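# Close look at the chain arrangement
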Amino acid sequence: MQKPPEKIRKLILVTGGAGYVGSVLVDRLLDSGHRVRVLDNLSHGDSPYPGRSLLPFTSNDNFEFIHGDIRVERDIETALDSIDAVVHLAAIVGDPVCSKHPELATEVNERGSQLLCSLAIKHGIRRFVFASTCSNYGRMVDADGYVDETSPLNPISHYARLKVGFEKYLLSLGEPAFEPVCLRFATAYGLSHRPRFDLTVNEFTRELLMNRRLDIYGEQFWRPYCHTHDLAVACMMAATAPSEQVAYVALNVGDTAENYQKKTLAELIVRQLPERATNVHFVKKDEDPRDYRVRCDKIKQAIGFEITRRVPDGIREIIDAVGSGLIDNPDDEYYVND
Ligand SMILES: NC(=O)c1ccc[n+]([C@@H]2O[C@H](COP(=O)([O-])OP(=O)(O)OC[C@H]3O[C@@H](n4cnc5c(N)ncnc54)[C@H](O)[C@@H]3O)[C@@H](O)[C@H]2O)c1
(Lines give C-alpha, C1' and ligand atoms only; values in the text may rest on other atoms or scores of the structure.)
Protein backbone atom coordinates (compact mmCIF):
# COMPACT_ATOMS: atom_id res chain seq x y z
CA MET A 1 0.00 0.00 0.00
CA GLN A 2 1.24 3.49 -0.86
CA LYS A 3 2.34 5.52 2.19
CA PRO A 4 0.78 8.95 2.78
CA PRO A 5 3.18 11.85 2.14
CA GLU A 6 4.85 13.25 5.26
CA LYS A 7 2.44 16.21 5.55
CA ILE A 8 -0.71 14.06 5.73
CA ARG A 9 0.83 11.40 7.96
CA LYS A 10 -1.13 11.63 11.19
CA LEU A 11 -0.59 10.79 14.83
CA ILE A 12 -3.76 8.93 15.75
CA LEU A 13 -4.89 7.99 19.24
CA VAL A 14 -6.72 4.67 19.35
CA THR A 15 -8.48 4.06 22.65
CA GLY A 16 -9.16 0.37 23.16
CA GLY A 17 -6.40 -0.41 20.65
CA ALA A 18 -5.55 -3.73 22.32
CA GLY A 19 -9.01 -5.11 21.58
CA TYR A 20 -10.62 -7.15 18.83
CA VAL A 21 -11.14 -4.32 16.33
CA GLY A 22 -8.52 -1.98 17.81
CA SER A 23 -5.52 -4.25 17.31
CA VAL A 24 -6.43 -4.69 13.64
CA LEU A 25 -6.83 -0.93 13.29
CA VAL A 26 -3.38 -0.34 14.78
CA ASP A 27 -1.96 -2.74 12.18
CA ARG A 28 -3.79 -0.99 9.30
CA LEU A 29 -2.76 2.50 10.44
CA LEU A 30 0.91 1.59 10.85
CA ASP A 31 0.86 -0.24 7.54
CA SER A 32 -0.50 2.93 5.90
CA GLY A 33 2.35 5.00 7.31
CA HIS A 34 0.51 6.74 10.15
CA ARG A 35 1.79 7.06 13.69
CA VAL A 36 -0.31 5.42 16.37
CA ARG A 37 -0.70 5.85 20.10
CA VAL A 38 -2.86 3.36 21.99
CA LEU A 39 -4.57 4.05 25.31
CA ASP A 40 -5.90 0.82 26.80
CA ASN A 41 -6.25 -0.63 30.30
CA LEU A 42 -5.66 -4.18 28.99
CA SER A 43 -8.78 -5.47 30.67
CA HIS A 44 -8.81 -8.70 28.61
CA GLY A 45 -5.28 -9.91 29.21
CA ASP A 46 -3.75 -11.92 32.05
CA SER A 47 -0.09 -12.07 32.99
CA PRO A 48 2.54 -12.74 31.78
CA TYR A 49 1.47 -10.97 28.53
CA PRO A 50 -1.59 -8.83 29.28
CA GLY A 51 -0.99 -6.80 26.13
CA ARG A 52 -0.18 -9.71 23.83
CA SER A 53 -2.30 -8.33 20.98
CA LEU A 54 0.04 -5.32 20.72
CA LEU A 55 3.37 -7.14 21.03
CA PRO A 56 3.82 -7.34 17.22
CA PHE A 57 4.01 -3.53 17.07
CA THR A 58 6.45 -2.75 19.88
CA SER A 59 9.47 -2.64 17.59
CA ASN A 60 7.78 -0.14 15.25
CA ASP A 61 9.02 3.42 15.87
CA ASN A 62 5.61 4.78 14.86
CA PHE A 63 3.87 2.94 17.69
CA GLU A 64 3.39 4.06 21.30
CA PHE A 65 1.42 2.43 24.09
CA ILE A 66 -0.04 3.99 27.20
CA HIS A 67 -1.35 1.59 29.82
CA GLY A 68 -4.16 3.76 31.13
CA ASP A 69 -7.86 4.29 31.56
CA ILE A 70 -10.35 6.56 29.78
CA ARG A 71 -11.91 7.32 33.17
CA VAL A 72 -8.67 8.87 34.43
CA GLU A 73 -8.06 12.49 33.42
CA ARG A 74 -4.28 12.29 33.82
CA ASP A 75 -4.08 9.25 31.49
CA ILE A 76 -6.17 10.99 28.85
CA GLU A 77 -4.15 14.22 29.08
CA THR A 78 -0.95 12.25 28.46
CA ALA A 79 -2.52 10.30 25.63
CA LEU A 80 -3.87 13.38 23.81
CA ASP A 81 -0.58 15.25 23.59
CA SER A 82 0.10 16.27 19.92
CA ILE A 83 -2.65 14.00 18.57
CA ASP A 84 -4.26 14.75 15.15
CA ALA A 85 -7.30 12.49 15.46
CA VAL A 86 -8.93 10.17 18.00
CA VAL A 87 -10.56 6.82 17.21
CA HIS A 88 -12.52 5.93 20.32
CA LEU A 89 -13.06 2.18 20.65
CA ALA A 90 -12.48 1.65 24.39
CA ALA A 91 -15.64 0.41 26.03
CA ILE A 92 -17.33 -2.32 27.98
CA VAL A 93 -18.43 -4.19 24.89
CA GLY A 94 -21.55 -6.24 24.28
CA ASP A 95 -25.02 -6.72 25.75
CA PRO A 96 -24.15 -9.58 28.13
CA VAL A 97 -21.21 -7.89 29.86
CA CYS A 98 -22.99 -4.52 30.10
CA SER A 99 -26.01 -6.22 31.68
CA LYS A 100 -23.72 -8.07 34.08
CA HIS A 101 -21.78 -4.92 35.09
CA PRO A 102 -24.21 -2.02 34.46
CA GLU A 103 -22.43 0.50 36.72
CA LEU A 104 -19.04 -0.17 35.18
CA ALA A 105 -20.56 0.07 31.69
CA THR A 106 -22.07 3.49 32.49
CA GLU A 107 -18.82 4.67 34.06
CA VAL A 108 -16.71 3.70 31.02
CA ASN A 109 -19.06 3.99 28.03
CA GLU A 110 -20.83 7.18 29.15
CA ARG A 111 -18.71 9.10 31.67
CA GLY A 112 -15.30 7.97 30.35
CA SER A 113 -16.32 8.75 26.77
CA GLN A 114 -17.59 12.23 27.74
CA LEU A 115 -14.38 12.97 29.64
CA LEU A 116 -12.28 11.89 26.66
CA CYS A 117 -14.37 14.02 24.33
CA SER A 118 -14.24 17.17 26.46
CA LEU A 119 -10.47 16.88 26.87
CA ALA A 120 -10.05 16.29 23.11
CA ILE A 121 -11.93 19.55 22.49
CA LYS A 122 -9.76 21.30 25.09
CA HIS A 123 -6.65 20.05 23.26
CA GLY A 124 -7.99 21.46 19.97
CA ILE A 125 -8.29 18.02 18.38
CA ARG A 126 -10.80 18.18 15.55
CA ARG A 127 -11.49 14.65 14.36
CA PHE A 128 -13.16 12.25 16.81
CA VAL A 129 -14.31 8.89 15.44
CA PHE A 130 -16.67 7.03 17.75
CA ALA A 131 -17.28 3.28 17.47
CA SER A 132 -21.04 2.99 17.77
CA THR A 133 -23.16 0.00 16.81
CA CYS A 134 -26.00 -1.09 14.54
CA SER A 135 -27.52 -2.57 17.73
CA ASN A 136 -28.85 0.97 18.19
CA TYR A 137 -31.64 0.08 15.75
CA GLY A 138 -33.00 -2.68 18.01
CA ARG A 139 -35.98 -4.46 16.47
CA MET A 140 -37.13 -3.35 13.01
CA VAL A 141 -40.70 -2.08 12.77
CA ASP A 142 -41.08 -3.53 9.27
CA ALA A 143 -39.78 -7.11 9.43
CA ASP A 144 -39.34 -7.23 5.63
CA GLY A 145 -37.60 -3.89 5.33
CA TYR A 146 -34.27 -2.27 6.05
CA VAL A 147 -33.13 0.41 8.45
CA ASP A 148 -30.75 3.20 7.50
CA GLU A 149 -29.26 6.24 9.21
CA THR A 150 -32.61 8.09 8.99
CA SER A 151 -34.49 5.32 10.85
CA PRO A 152 -35.48 5.80 14.48
CA LEU A 153 -33.11 4.33 17.05
CA ASN A 154 -34.69 1.76 19.31
CA PRO A 155 -32.00 0.49 21.72
CA ILE A 156 -33.18 -2.45 23.79
CA SER A 157 -30.15 -3.14 25.96
CA HIS A 158 -28.06 -1.13 28.41
CA TYR A 159 -25.10 -1.44 26.01
CA ALA A 160 -27.04 0.04 23.07
CA ARG A 161 -28.70 2.73 25.22
CA LEU A 162 -25.24 3.92 26.29
CA LYS A 163 -24.08 3.97 22.65
CA VAL A 164 -27.16 5.94 21.57
CA GLY A 165 -26.70 8.33 24.49
CA PHE A 166 -23.09 9.11 23.59
CA GLU A 167 -23.94 9.45 19.89
CA LYS A 168 -26.59 12.05 20.80
CA TYR A 169 -24.15 13.84 23.08
CA LEU A 170 -21.49 13.99 20.34
CA LEU A 171 -23.76 14.95 17.46
CA SER A 172 -25.44 17.75 19.40
CA LEU A 173 -22.20 19.45 20.53
CA GLY A 174 -22.32 21.93 17.65
CA GLU A 175 -18.71 22.91 18.34
CA PRO A 176 -17.51 24.23 14.93
CA ALA A 177 -13.84 23.35 15.53
CA PHE A 178 -14.75 19.76 16.43
CA GLU A 179 -15.55 17.00 13.90
CA PRO A 180 -17.22 14.00 15.55
CA VAL A 181 -18.31 11.05 13.40
CA CYS A 182 -20.28 8.07 14.69
CA LEU A 183 -19.59 4.78 12.96
CA ARG A 184 -22.36 2.25 13.59
CA PHE A 185 -20.47 -1.01 13.23
CA ALA A 186 -22.16 -4.17 12.00
CA THR A 187 -21.36 -7.22 14.16
CA ALA A 188 -17.71 -8.10 13.64
CA TYR A 189 -16.28 -11.45 12.59
CA GLY A 190 -12.93 -12.83 11.49
CA LEU A 191 -9.47 -12.89 12.97
CA SER A 192 -7.60 -10.25 14.93
CA HIS A 193 -4.56 -9.99 17.19
CA ARG A 194 -7.18 -10.46 19.94
CA PRO A 195 -9.75 -12.76 18.38
CA ARG A 196 -13.21 -12.96 19.93
CA PHE A 197 -15.19 -16.19 20.02
CA ASP A 198 -18.27 -14.70 21.68
CA LEU A 199 -19.62 -13.19 18.45
CA THR A 200 -22.01 -15.16 16.24
CA VAL A 201 -19.94 -16.07 13.14
CA ASN A 202 -16.77 -16.93 15.06
CA GLU A 203 -18.65 -18.72 17.86
CA PHE A 204 -20.80 -20.86 15.54
CA THR A 205 -17.72 -21.77 13.49
CA ARG A 206 -15.74 -22.75 16.59
CA GLU A 207 -18.58 -24.88 17.95
CA LEU A 208 -19.02 -26.84 14.74
CA LEU A 209 -15.30 -27.19 14.16
CA MET A 210 -14.92 -28.61 17.70
CA ASN A 211 -17.69 -31.08 16.80
CA ARG A 212 -20.10 -29.76 19.43
CA ARG A 213 -23.86 -29.52 19.29
CA LEU A 214 -24.88 -26.03 18.15
CA ASP A 215 -28.25 -24.83 19.46
CA ILE A 216 -29.37 -21.74 17.56
CA TYR A 217 -31.97 -19.45 19.10
CA GLY A 218 -33.88 -16.94 16.98
CA GLU A 219 -32.63 -18.41 13.72
CA GLN A 220 -34.95 -16.09 11.73
CA PHE A 221 -33.46 -12.86 13.07
CA TRP A 222 -31.43 -10.62 10.78
CA ARG A 223 -28.19 -8.91 11.60
CA PRO A 224 -25.50 -7.15 9.54
CA TYR A 225 -21.93 -8.50 9.68
CA CYS A 226 -18.56 -6.97 8.81
CA HIS A 227 -14.99 -8.29 8.89
CA THR A 228 -12.57 -6.81 11.46
CA HIS A 229 -10.23 -5.76 8.64
CA ASP A 230 -12.98 -3.76 6.93
CA LEU A 231 -14.17 -2.16 10.19
CA ALA A 232 -10.59 -1.06 10.79
CA VAL A 233 -10.32 0.41 7.28
CA ALA A 234 -13.59 2.31 7.83
CA CYS A 235 -12.16 3.82 11.05
CA MET A 236 -8.98 4.85 9.27
CA MET A 237 -10.91 6.43 6.39
CA ALA A 238 -13.20 8.29 8.81
CA ALA A 239 -10.19 9.55 10.77
CA THR A 240 -8.53 11.00 7.67
CA ALA A 241 -11.45 12.04 5.38
CA PRO A 242 -12.12 15.72 4.57
CA SER A 243 -14.29 17.31 7.26
CA GLU A 244 -17.27 18.09 4.99
CA GLN A 245 -17.67 14.32 4.37
CA VAL A 246 -17.88 13.20 8.00
CA ALA A 247 -18.28 15.98 10.58
CA TYR A 248 -21.42 15.53 12.72
CA VAL A 249 -22.52 12.48 10.74
CA ALA A 250 -23.57 8.92 11.68
CA LEU A 251 -22.64 6.16 9.21
CA ASN A 252 -23.50 2.47 9.19
CA VAL A 253 -20.41 0.35 8.57
CA GLY A 254 -20.82 -2.82 6.56
CA ASP A 255 -22.43 -3.77 3.28
CA THR A 256 -26.14 -4.00 2.50
CA ALA A 257 -25.61 -7.47 0.98
CA GLU A 258 -24.00 -8.74 4.21
CA ASN A 259 -27.14 -8.99 6.34
CA TYR A 260 -27.80 -12.58 7.36
CA GLN A 261 -30.28 -14.60 9.37
CA LYS A 262 -28.61 -16.87 11.91
CA LYS A 263 -29.88 -19.95 10.04
CA THR A 264 -28.06 -18.75 6.89
CA LEU A 265 -24.84 -18.31 8.87
CA ALA A 266 -25.12 -21.93 10.01
CA GLU A 267 -25.69 -23.02 6.40
CA LEU A 268 -22.62 -21.10 5.25
CA ILE A 269 -20.49 -22.77 7.92
CA VAL A 270 -21.87 -26.22 7.14
CA ARG A 271 -20.99 -25.64 3.47
CA GLN A 272 -17.35 -25.55 4.61
CA LEU A 273 -17.78 -28.28 7.26
CA PRO A 274 -20.39 -30.58 5.64
CA GLU A 275 -19.74 -33.45 8.05
CA ARG A 276 -21.08 -31.23 10.90
CA ALA A 277 -24.55 -30.62 9.41
CA THR A 278 -26.27 -32.81 12.00
CA ASN A 279 -24.71 -30.82 14.88
CA VAL A 280 -26.97 -27.83 14.13
CA HIS A 281 -30.27 -27.55 16.00
CA PHE A 282 -32.74 -24.69 15.75
CA VAL A 283 -34.41 -23.90 19.06
CA LYS A 284 -37.66 -21.93 18.99
CA LYS A 285 -37.20 -19.25 21.62
CA ASP A 286 -37.30 -15.48 21.03
CA GLU A 287 -34.33 -14.96 23.28
CA ASP A 288 -32.50 -12.17 21.48
CA PRO A 289 -35.08 -9.65 20.32
CA ARG A 290 -32.62 -7.66 18.19
CA ASP A 291 -33.66 -7.95 14.58
CA TYR A 292 -32.34 -5.51 12.06
CA ARG A 293 -31.38 -5.47 8.40
CA VAL A 294 -29.20 -2.49 7.70
CA ARG A 295 -28.48 -0.43 4.59
CA CYS A 296 -24.86 0.66 4.38
CA ASP A 297 -24.95 2.84 1.26
CA LYS A 298 -24.33 6.19 2.94
CA ILE A 299 -20.74 5.40 3.96
CA LYS A 300 -19.94 4.46 0.36
CA GLN A 301 -21.19 7.84 -0.84
CA ALA A 302 -19.63 9.80 2.03
CA ILE A 303 -16.08 8.41 2.09
CA GLY A 304 -15.94 5.73 -0.62
CA PHE A 305 -15.77 2.83 1.87
CA GLU A 306 -16.38 -0.66 0.46
CA ILE A 307 -15.91 -4.03 2.11
CA THR A 308 -13.21 -6.40 0.87
CA ARG A 309 -14.31 -9.58 2.66
CA ARG A 310 -17.54 -11.49 3.13
CA VAL A 311 -18.78 -13.85 5.84
CA PRO A 312 -17.57 -17.07 4.08
CA ASP A 313 -14.04 -15.57 4.03
CA GLY A 314 -14.17 -15.08 7.80
CA ILE A 315 -15.48 -18.60 8.36
CA ARG A 316 -12.58 -20.00 6.31
CA GLU A 317 -10.09 -17.92 8.32
CA ILE A 318 -11.40 -19.24 11.65
CA ILE A 319 -11.42 -22.83 10.39
CA ASP A 320 -7.80 -22.44 9.24
CA ALA A 321 -6.55 -20.77 12.44
CA VAL A 322 -8.25 -23.19 14.83
CA GLY A 323 -8.00 -26.29 12.64
CA SER A 324 -4.25 -25.81 12.11
CA GLY A 325 -3.62 -25.30 15.84
CA LEU A 326 -2.47 -21.68 15.46
CA ILE A 327 -5.21 -20.96 17.99
CA ASP A 328 -4.91 -24.03 20.17
CA ASN A 329 -7.59 -23.25 22.76
CA PRO A 330 -10.40 -21.12 21.33
CA ASP A 331 -12.29 -21.67 24.62
CA ASP A 332 -9.69 -19.59 26.51
CA GLU A 333 -11.35 -16.76 28.44
CA TYR A 334 -9.04 -14.25 26.68
CA TYR A 335 -11.28 -14.64 23.63
CA VAL A 336 -14.51 -13.78 25.44
CA ASN A 337 -15.87 -10.49 26.80
CA ASP A 338 -17.33 -11.17 30.25
N1 LIG B 1 -17.02 -6.25 17.90
C2 LIG B 1 -18.22 -5.89 17.40
O3 LIG B 1 -18.96 -6.69 16.80
C4 LIG B 1 -18.69 -4.47 17.55
C5 LIG B 1 -19.90 -4.12 16.96
C6 LIG B 1 -20.36 -2.81 17.13
C7 LIG B 1 -19.61 -1.90 17.83
N8 LIG B 1 -18.43 -2.26 18.40
C9 LIG B 1 -17.66 -1.27 19.15
O10 LIG B 1 -16.31 -1.28 18.70
C11 LIG B 1 -15.44 -1.03 19.80
C12 LIG B 1 -14.39 -2.14 19.90
O13 LIG B 1 -15.04 -3.39 20.10
P14 LIG B 1 -14.19 -4.73 20.26
O15 LIG B 1 -15.03 -5.85 19.77
O16 LIG B 1 -12.85 -4.52 19.71
O17 LIG B 1 -14.13 -4.86 21.85
P18 LIG B 1 -12.96 -5.33 22.80
O19 LIG B 1 -13.59 -5.62 24.11
O20 LIG B 1 -12.16 -6.41 22.16
O21 LIG B 1 -12.03 -4.05 22.92
C22 LIG B 1 -12.27 -3.01 23.83
C23 LIG B 1 -10.92 -2.54 24.37
O24 LIG B 1 -11.19 -1.43 25.25
C25 LIG B 1 -10.34 -1.59 26.38
N26 LIG B 1 -10.95 -0.87 27.50
C27 LIG B 1 -12.08 -1.23 28.17
N28 LIG B 1 -12.32 -0.35 29.16
C29 LIG B 1 -11.32 0.58 29.10
C30 LIG B 1 -11.02 1.73 29.87
N31 LIG B 1 -11.79 2.09 30.91
N32 LIG B 1 -9.92 2.46 29.55
C33 LIG B 1 -9.12 2.08 28.52
N34 LIG B 1 -9.36 0.99 27.77
C35 LIG B 1 -10.45 0.24 28.06
C36 LIG B 1 -10.23 -3.08 26.60
O37 LIG B 1 -9.08 -3.42 27.38
C38 LIG B 1 -10.17 -3.59 25.17
O39 LIG B 1 -8.83 -3.71 24.71
C40 LIG B 1 -16.31 -0.90 21.04
O41 LIG B 1 -16.57 0.45 21.30
C42 LIG B 1 -17.59 -1.61 20.61
O43 LIG B 1 -18.71 -1.15 21.33
C44 LIG B 1 -17.94 -3.53 18.27
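Everything in this summary refers to the structure shown in the same document. Computed from a predicted model, the values in this text were never measured in an experiment. (Residues numbered from 1 in each chain as written. Predicted model: local features only at pLDDT ≥ 70, side-chain atom pairs only at ≥ 80, totals over all residues.)

### Topic: the overall build of the chain
Here is the rule: A run of H or I in DSSP becomes a helix once it reaches four residues, and a run of E becomes a strand once it reaches two; helices and strands are each numbered from the N terminus. Atoms counted for the radius of gyration: C-alpha only. Globule rule: 2.2 Å times the number of residues to the power 0.38. Residues with at least 20 neighbouring C-beta atoms inside 10 Å of their own are called buried, those with 12 or fewer are called exposed, and the rest are partly exposed, where every C-beta is derived from the backbone. By the convention adopted here, residues are in contact when the distance between their C-beta atoms, placed from the backbone, does not exceed 7 Å.
Helix and strand content of the chain: 11 helices and 12 strands. The C-alpha atoms of the chain give 19 Å as radius of gyration, which agrees with the globular expectation for 338 residues (20 Å, within 12%). The principal-axis extents of the C-alpha atoms in the chain amount to approximately 55 × 45 × 40 Å. When burial is assessed residue by residue, the chain has 45% of its 338 residues classed as buried. In the chain, 82% of the contacts between residues at least 6 apart in sequence involve partners at least 24 apart.

### Examining the nonpolar core
We count it as follows: Among buried residues, those of type Ala, Val, Leu, Ile, Met, Phe, Trp, Tyr and Cys that are joined through C-beta atoms within 7 Å form a set called a nonpolar core.
If you look at the biggest cluster of nonpolar residues, it comprises 88 residues, and the most contacted ones within it are Val-129, Leu-183 and Cys-235. No other element matches the nine residues that helix H7 (residues 228-240) contributes to this core. Residues contacting Cys-235, with those up to four places away along its chain left out, are Leu-25, Val-87, Val-129 and Leu-183.

### Topic: the site of the ligand
The condition that has to hold: Using a C-beta atom placed from the backbone for every residue, we mark a residue as near a molecule or strand if that atom lies within 6 Å of it. We call Asp, Glu, Lys and Arg charged. Ala, Val, Leu, Ile, Met, Phe, Trp, Tyr, Cys and Pro are nonpolar, and the rest, Gly among them, are polar.
Taken together, 31 residues form the shell around the ligand, and within it Gly-16, Gly-19, Tyr-20, Phe-185 and Ala-188 come nearest. Elements with a minimum of two residues in the shell around the ligand: strand S2 (35-40), helix H4 (102-122), strand S5 (127-133) and strand S7 (187-189). Within the shell around the ligand, the residues separate by chemical class into 15 nonpolar, 11 polar and five charged.

### Quick look at the packing of helix H9 (residues 262-272) against helix H11 (residues 311-323)
As a reminder, the rule being used: The axes are straight lines fitted to the C-alpha atoms, using for helices just the contacting stretch, and the angles between their N-to-C directions are given from 0 to 180°. When an angle is under 35 degrees it counts as roughly parallel; over 145 it counts as roughly antiparallel; between 65 and 115 it counts as roughly perpendicular; any other value is oblique. Note on convention: the crossing is left-handed when the near helix lies turned anticlockwise from the far helix by less than a right angle, right-handed when the turn is clockwise.
Two numbers describe how H9 lies on H11: the axes approach to 10 Å, and their chain directions differ by 50°. Here H9 lies oblique to H11, going by the angle between them. Crossing geometry of H9 relative to H11 is assigned as right-handed. Contact residues: H9 offers Leu-265, Leu-268, Ile-269 and Gln-272, while H11 offers Val-311, Pro-312, Ile-315, Arg-316 and Ile-319. Split into classes, the residues belonging to the contact of H9 with H11 amount to seven nonpolar, one polar and one charged.

### Description of the sheet that holds strand S4 (residues 85-88)
How we decide: Should DSSP find at least two bridges between two strands, the strands are regarded as paired.
If you trace the seven strands from one edge of the open sheet to the other, you get S3-S2-S1-S4-S5-S6-S10, paired in parallel fashion. Strands at the two margins of the open sheet, each flanked by one partner only, are strand S3 (63-67) and strand S10 (249-253). Mean inter-strand twist for the sheet, computed between neighbouring axes without regard to direction, equals 20°. Sheet analysis places S2 next to S3, joined by five bridges and oriented parallel. Paired with Val-38 across the strands is Phe-65, a residue of S3. Across the sheet, H7 is in contact with strand S1 (11-15), S4, S5, strand S6 (179-185) and S10; its angle to S6 comes to roughly 165°.

### Details of the packing of helix H6 (residues 200-209) against H9
The relative placement of two packed helices is expressed as an angle between their axes plus a distance between the axes. Interaxial distance between H6 and H9 falls to 10 Å at its minimum, and their mutual angle equals 45°. On the basis of their axis angle, the class for H6 and H9 is oblique. Two packed elements cross with a definite hand, and for H6 against H9 that hand is right-handed. On H9, the residues that touch Thr-200, Val-201, Phe-204, Thr-205 and Leu-208 of H6 are Lys-262, Leu-265, Ala-266 and Ile-269. Its residues placed into classes, the contact of H6 with H9 shows six nonpolar, two polar and one charged.

### Considering the sheet that holds strand S9 (residues 222-227)
Read from one edge of the open sheet, three strands run S7-S9-S11, paired in mixed fashion. Two strands bound the open sheet, and with one partner strand each, they are S7 and strand S11 (259-261). Shown here is a sheet whose adjacent strand axes are inclined to one another by a mean of 50°, direction ignored. Strands S7, S9 and S11 of the sheet are contacted by H11, whose axis makes an angle of about 65° with S9.

### A closer look at the pairing of S10
It is a general feature of regular strands that their side chains alternate between the two faces of the sheet. For S10, the tally of buried residues reaches five of five residues, placing the bulk of the element in the interior. Burial along S10 is two-sided: Val-249, Leu-251 and Val-253 facing one way and Ala-250 and Asn-252 facing the other are all buried. The sheet contact formed by S6 and S10 spans five bridges and is parallel. Of the residues in S10, the one forming a bridge with Arg-184 is Asn-252.

### Describing H7
Formally: Residue count minus one, scaled by 1.5 Å, sets the expected span of a helix.
With 13 residues, H7 extends 19 Å between its outermost C-alpha atoms, agreeing within 8% with the 18 Å of an ideal straight helix rising 1.5 Å per residue. The buried fraction of H7 amounts to 13 of the 13 residues, a majority that puts the element mostly inside the structure.

### Brief notes about the environment of Asp-328
Mapped onto the elements, Asp-328 comes out in the segment after H11. Its 9 C-beta neighbours within 10 Å are what place Asp-328 among the exposed residues. On a C-alpha basis, the gap between Asp-328 and Arg-74 in space is 39 Å, while along the polypeptide they are 254 residues apart.

### Describing unusual backbone geometry
With omega at 5°, the peptide bond leading from Ser-47 into Pro-48 counts as cis. Residue position: Pro-48 is located in the loop between S2 and S3. Of note in this structure, Ser-82 is not a glycine but carries a positive phi near 65°. Taking the C-beta count within 10 Å as the criterion, Ser-82 has 10 such neighbours and is therefore assigned exposed. Of note, the phi angle at Asn-211 is positive, near 60°, even though the residue is not glycine. Structurally, the position occupied by Asn-211 is in the loop between H6 and strand S8 (214-217).

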